Amino acid sequence: MAIKMIIDTDPGIDDAMALFYAIADPAIDLLALTTVFGNVTTAQATRNALFLLKTAGVDVPVAQGSSQPRKLPAFPPSAHVHGSEGFGTLQVPKQTAQVIPESAQEFLVRMARKHKGELVLCAIGPLTNIAAALDIDPEFCRNLKRIVIMGGSLGAGGNITTAAEANIYHDPHAADFVFRKGCNITLVGLDVTNQVICPRSYFAQLATQSPKLGGLLHKMADFYIDFYETVGKFEGCGMHDPSALIACSTPELFVTEDHKLRVICSGDRSGETVSDQNLAAEAVKVCVGVNISLVKQKFFENVAKLK
Ligand code: RIB
Ligand code: CA
């Protein structure tokens, strides 16, 4: 049976890749999207989520989430990475479809209760909505099957600062809170996603197989790869969010280690994820190894089918 899934997202170019992957993979039954700030503002994230669903011809609810971090003031969006509207140079039209009249956090709590023990939450933005859902219902995580999070780094350093990965950096207090709450978490961080790098030619080929949706990703990826080239370490772009989706449906492509995690919440190292075996917290399954070629192949094979 397909995995019942909600994706919490800040679309974002690699979020668009992840969403199209989720739609294409028959092992995933996408129930809804919830939105959060990060790559863009929350209002832009919601508009972008509605745009992606409409473009893909998929009708699932979208619930809008928090517009600023748990304790910190709002950050400017990552326009140099994802473009001023989130999708490179694409101008995203205003959407006529509406969000549901329930906040992301209320919706997540309700859906976790309704699908108790069956729902997988894949969080590919800052963890603000997840922390807020735990504020409403301390049993929230226990009602989920598991949470798969794109975020953090154990040994790979950061991507927004030298120490921090972007999703954790944008709301370190939320991430620290969620990591200590005894949730069944798999963390798909930079230790693995920095290894899954796809060049321009990969997206060009995808566009020939799937001209509409693969073609859209090809256009977006061009902007994203331009940014990666400025970093100088990569020939292509990191498949961060799609890797998290693939870890939901095909966990055997990843090697995990158990770590109790905390997050540094201030100073130069704010947003750094730290393994600390002395913590009174449940261990997180941190991905430390990945079958790079099979992850790339799986993404390609599934998204190439999309019309
Ligand atoms: O560090 C990568 C993560 O930050 C991805 O989720 C990307 O979309 C950005 O939000
Ligand atoms: Ca994201």
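As a reminder, the structure under discussion sits directly above these lines.
Residues numbered from 1 in each chain as written. Chains lettered and ligands numbered in written order. Predicted model: local features only at pLDDT ≥ 70, side-chain atom pairs only at ≥ 80, totals over all residues. Heavy atoms only, no water.

**Describing the overall build of the protein**
And then number 1: In terms of helices and strands, the protein carries 13 helices and twelve strands.
And then number 2: For 307 residues, the compact-globule formula gives about 19 Å, and the C-alpha radius of gyration of the protein, at 17 Å, lands near that figure.
And then number 3: Its C-alpha atoms give the protein principal-axis dimensions of about 50 × 40 × 40 Å.
And then number 4: Counting only residues that meet the buried cut, the protein has 61% of its 307 residues in that class.
And then number 5: Look at the contacts in the protein between residues 6 or more apart in sequence, and 81% of them connect residues 24 or more apart.
And then number 6: Only carbon and sulfur atoms are counted for the fraction: they give 51% of the accessible area of the protein, which is about 12,000 Å².
And then number 7: Measuring between centres, the 27 positive side-chain charges of the protein sit 5 Å from its 31 negative side-chain charges. (Helix = DSSP H or I, 4+ residues; strand = E, 2+ residues; numbered from the N terminus. Rg over C-alpha atoms; globule rule 2.2 N^0.38 Å. Buried < 20%, exposed > 50% of the residue type's maximum accessible area, 1.4 Å probe, protein only. Contact = heavy atoms within 4.5 Å. Areas by Shrake-Rupley, 256 points an atom, 1.4 Å probe, with all protein chains shown as cover. Lys, Arg positive; Asp, Glu negative; His and termini not counted. Charge placed at Lys NZ, Arg CZ, Asp CG, Glu CD.)

**A look at the side chain of N129**
And then number 1: Structurally, the position occupied by N129 is in helix α5 (residues 128-136).
And then number 2: Looking at N129, the relative accessible area reads 0%, which means it is buried.
And then number 3: Among the polar contacts made by the side chain of N129, one reaches the main-chain amide nitrogen of S66 at a distance of 2.9 Å.
And then number 4: Non-local contacts of N129, meaning those with residues more than four positions away in its chain, are made with D8, T35, V36, G65, S66, A104, Q105 and L108. (Polar contact = N/O pair within 3.5 Å; in protein donor to acceptor, adjacent residues only side chain to side chain.)

**Notes on the sheet that holds strand β3 (residues 62-64)**
And then number 1: The strand order across the open sheet formed by eight strands is β3-β2-β1-β4-β5-β6-β12-β9, and the pairing between neighbours is mixed. Edge strands, defined here as strands with exactly one partner in the open sheet, are β3 and β9 (254-259). Neighbour-to-neighbour, the strand axes of this sheet turn through a mean angle of 25 degrees, independent of strand direction.
And then number 2: Relative to strand β12 (residues 284-290), β9 runs antiparallel, the two sharing six bridges. Bridge pairing in β12 places T256 opposite C287. (Pairing = 2+ DSSP bridges. Axes fitted to C-alpha atoms, helices over the stretch in contact; angles between N-to-C directions.)

**Side note on the nonpolar core**
And then number 1: The biggest cluster of nonpolar side chains holds 66 residues, and the ones touching the most others in it are M17, F203, L245, F254 and F299.
And then number 2: When sequence neighbours within four positions are dropped, the list of residues in contact with F254 reads V188, V192, S243, I246, A247, C287, G289, V290 and V295.
And then number 3: Judged by nonpolar contacts, the second largest core, of 35 residues, contains A63, F140, L144 and F179. (Core = buried A, V, L, I, M, F, W, Y, C linked by side-chain atoms within 4.5 Å.)

**Comments concerning the state of the cysteines**
And then number 1: As enumerated under the stated definition, the model contains one disulfide in all.
And then number 2: Between the sulfur atoms of C141 and its disulfide mate C183 the distance is 2.0 Å. Linking C141 and C183, the disulfide has an S-S dihedral of approximately 65 degrees and is accordingly described as right-handed. Taken as a pair, C141 in helix α6 (residues 140-143) and C183 in the loop between α8 (172-179) and β6 (185-188) lie far apart in primary sequence, 42 residues in all. Each member of the pair, C141 together with C183, is buried.
And then number 3: Lacking any disulfide linkage, C198 is separated from the closest cysteine sulfur, that of C237, by 6.3 Å.
And then number 4: With a relative accessible area of 0%, C198 lands in the buried category.
And then number 5: Residue C265 stays outside any disulfide, its sulfur separated by 16 Å from that of C183, the closest cysteine. (Disulfide = S-S within 2.5 Å.)

**What to know about the site of ligand 1**
And then number 1: Around ligand 1, the structure places 13 residues, and the nearest of them are D14, N159, E165, N167 and D241.
And then number 2: Between ligand 1 and the protein, one listed contact pairs an oxygen atom with a side-chain N or O atom of D14 at 2.5 Å.
And then number 3: In the model, an oxygen atom of ligand 1 is placed 3.0 Å from a nitrogen or oxygen of the I124 main chain.
And then number 4: Bound to the protein, ligand 1 loses 97% of the 270 Å² it would expose on its own.
And then number 5: Class assignment for the residues of the shell around ligand 1 results in three nonpolar, five polar and five charged. (Near = heavy atom within 4 Å. Nonpolar A, V, L, I, M, F, W, Y, C, P; charged D, E, K, R; others polar.)

**Observations concerning the coordination of the calcium ion (ligand 2)**
And then number 1: Every protein donor of the calcium ion (ligand 2) is listed here as D10 (OD), D15 (OD), D15 (OD), I124 (O) and D241 (OD), and their distances to the metal cover 2.2 to 2.6 Å.
And then number 2: Read in sequence order, the donor residues for the calcium ion (ligand 2) give the motif D-x4-D-x108-I-x116-D. In this pair, D10 is assigned in the loop between β1 (3-9) and α1 (13-24) and D241 in helix α12 (residues 240-249), connecting sequence segments 231 residues apart. (Donors = N, O, S within 2.8 Å, 3.2 Å for Na, K, Ca; no water.)

**Focus: the packing of α5 against α8**
And then number 1: Closest axis-to-axis distance for the α5/α8 pair is 8 Å, and the angle between their directions is 55 degrees. If you check the angle between α5 and α8, you find them oblique. Along this stretch, α5 crosses α8, giving a crossing that reads as left-handed. Residues T128, I130, A131, L134 and D135 of α5 form the contact with α8, whose participating residues are A174, F177 and V178.
And then number 2: Its residues assigned to classes, the contact of α5 with α8 shows six nonpolar, one polar and one charged. (Parallel < 35°, antiparallel > 145°, perpendicular 65-115°, else oblique. Left-handed = near helix turned anticlockwise from the far one by under 90°.)

Geometric values such as these leave the question of function open.
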